[in-house]
Amino acid sequence: MAHKGVEPNTETFSCSVCLDLLTEPVSVPCGHSYCMSCIKGFWGEEGENKVSSCPQCRQTFTPRPVLVKNTMLAVLVEELKKAGLQAAPADCCQAGPEDVACDFCTGRKLKASRSCLTCLASYCEKHLQPHYDVAPLKRHKLVAPSKKLRDNVCSRHDELVKMFCRTDRECICCFCLVEKHKGHDAVSAEAERTERQKVVQGSRKKIQKRIQDLEKEVDLLQQEMEAIDCSADKTVESSLDIFKELIQLIERKSSDVQQCIRSQQKTEVSRVKELQETLLQEISELESKDAELEQVARTEDHTQFLRNCPSLSQLAEPTLSSTVDVRPLSYFEDVTAAVSKIRDRLQATLTKERTNISVTVAKVDVLLLEPVTRNDFLKYSCEITLDVNTAHKRLTLSNENRKVTIQRSANFYPFNEERVTECVQVLSKESLSGRHYWEVDWSGRGVSIAVAYKNIDRGGSSQTCGFGLNDKSWALHCCPGDYHFRDNNVKTKLSCHISSRIGVYLDHRAGTLSFFSVSGTVSLIHKVQARFTQPLLTGFGIDNWSDLDRIEIVKLK
């Protein structure tokens, strides 16, 4: 019995086969104890295996030992059970339908922690321990738990597959090598694995590089989406402010027109009222005179009539015209017509400008994934012409300033501060700041196809003005047998095939410059990622002073 206060170790009284407390315990000659049923199940029926071994230490016993119940150990286990000792729960280690089960567990199978390619068996942590403790087992090849261990056995010879036939591209055993695959190119599986591992590693590096490139593009697109959202929000806010100002302006003009109309209305009504009062006063006076005349006319006495009639004053001349010119009611209709004309003109202007705004919105430059096919690139084709004012004196331009050749005698070009004087180079007229694509045909012993900032040195040393030799230009140098790219005087050797036609794709905002070999389709020669801080000019250079050197910008449809 355990001493009071000492916690018994469950593993001490557990069977290493079923991992439960010992039931009818028996001990084998090496000293390890097991359940009677577990060790018998492990050994199999009598005579099935001539050699029996211990599941833990792998010690072999010949002949098979007679198993006798260990009475003292059985009593001890029973006492411990009564004291409340239980086997450690193994639910978390129990093998499920999708797990690899331990081949040595009986009854409740536990998850295998490793598989042995030599034993062709899988082991849980408990049953794997001999592979760490026993010297012969330490040499076995342990791998992650696998359900396909039998795939490592030749179905024809029941031998381990340890060879690989390169001729038939299949795994074989040693017997297959001397029979069906006799005379074939065969190596050990390990040697073939080593060779293919290099290929796999190379493929993984390419995949990981591609993943990194795509992740950068995803980040770039995310930044672009955020920039689009920010720009759209600012533009909507600014547009609302502008339209509010326009509405306020119209409201002010409407108020001015109303005040003007009301003011004129007041003036005209006042004038008419004044005229009306004058006429009413005259009517009153006339009515009074008419009453007097009526009274005189009713006098029957002729003498009185004659006496009163001369006393009446003669009728005064009317103060106003006898007739008032009443025109049709169209006093302010002309104003309505004038406002209507303003409305019509404003509506026409807004309709036209709305169309212009819609076209402008549709032209918003949004970053897209790089084109793939030549037709995709041609969507960004641009017209480029060379600037004769920048051409070196030994360069001649022709074909609408799209073709450049070299001559031995100098041209009599006039002095120009923009002319390149030291390097045999020429720059374009057009500056590039968006997405552009152009193609050039070249021939000769050495030419340069480049892009450069406008402020590149024109008259200094080749180190400061030569394409690709400074931080203001990027150049592809084409010379049969020596193709390379230069950026800030860093030379990158190119081993790919380059045709006589070169396509150049520039995405100024994304900071990418790509060169392609064009022969029906496009194949990438070199791509550089940079941060362009200024618009770029196209540039061409002659490297070897050969009469055969020629560069011509292709006119793309």
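Residues numbered from 1 in each chain as written. Predicted model: local features only at pLDDT ≥ 70, side-chain atom pairs only at ≥ 80, totals over all residues. Heavy atoms only, no water.

(A) Expanded view of the overall build of the chain. Looking only at helices and strands, the chain features 10 helices and 23 strands. Burial analysis of the chain (557 residues in total) assigns 31% to the buried set. For the chain, the share of sequence-separated contacts (at least 6 apart) that also reach a separation of at least 24 residues comes to 56%. Total accessible area computed for the chain in this model is approximately 36300 Å², and 53% of it derives from carbon and sulfur atoms. (Helix = DSSP H or I, 4+ residues; strand = E, 2+ residues; numbered from the N terminus. Buried < 20%, exposed > 50% of the residue type's maximum accessible area, 1.4 Å probe, protein only. Contact = heavy atoms within 4.5 Å. Areas by Shrake-Rupley, 256 points an atom, 1.4 Å probe, with all protein chains shown as cover.)

(B) The arrangement of helix α6 (residues 189-297) in detail. For α6, spanning 109 residues, the distance from its first C-alpha to its last is 154 Å, which sits close to the expected 162 Å at 1.5 Å a residue. The secondary structure elements touched by the buried residues of α6 are β8 (163-165), β10 (186-188) and α7 (302-308). (Expected span 1.5 Å × (residues − 1).)

(C) Region of the structure containing the sheet that holds strand β23 (residues 550-553). Sheet architecture is open: 7 strands sit in the order β11-β12-β23-β14-β19-β20-β21, paired in antiparallel fashion. In this open sheet, the two strands that pair with only one neighbour each are β11 (395-398) and β21 (521-529). Geometrically, the sheet is characterised by an average inter-axis angle of 25° between neighbouring strands, direction not taken into account. (Pairing = 2+ DSSP bridges. Axes fitted to C-alpha atoms, helices over the stretch in contact; angles between N-to-C directions.)

(D) Representation of unusual backbone geometry in the model. The omega torsion across Thr62 and Pro63 is 0°, close enough to zero to call that bond cis. The backbone of Arg169 sits at a positive phi, close to 55°, despite the residue not being glycine. With respect to the helices and strands, the residue Arg169 is situated in the loop between β8 and β9 (170-172). Here the phi dihedral of Glu400 falls at roughly 60°; this positive angle occurs in a residue that is not glycine.

(E) Highlighting helix α1 (residues 36-43). Those residues of α1 that sit buried are Met36, Cys38, Ile39, Phe42 and Trp43. On its buried side, α1 packs onto β1 (25-27), β2 (33-35), β3 (52-53) and β4 (60-61). Once α1 finishes, Gly44 follows within two positions and takes phi at roughly 85°, a positive value.

(F) Focus on the nonpolar core. With 39 residues, the main nonpolar core has Trp438, Trp474, Ile502, Leu513, Phe515 and Phe540 as its most contacted residues. Counting residues per element, this core draws most heavily on strand β15 (residues 447-453), at 4 residues. Core analysis: the next-biggest nonpolar cluster, separate from the first, contains 32 residues, Met36, Ile39, Cys105 and Ala121 among them. (Core = buried A, V, L, I, M, F, W, Y, C linked by side-chain atoms within 4.5 Å.)

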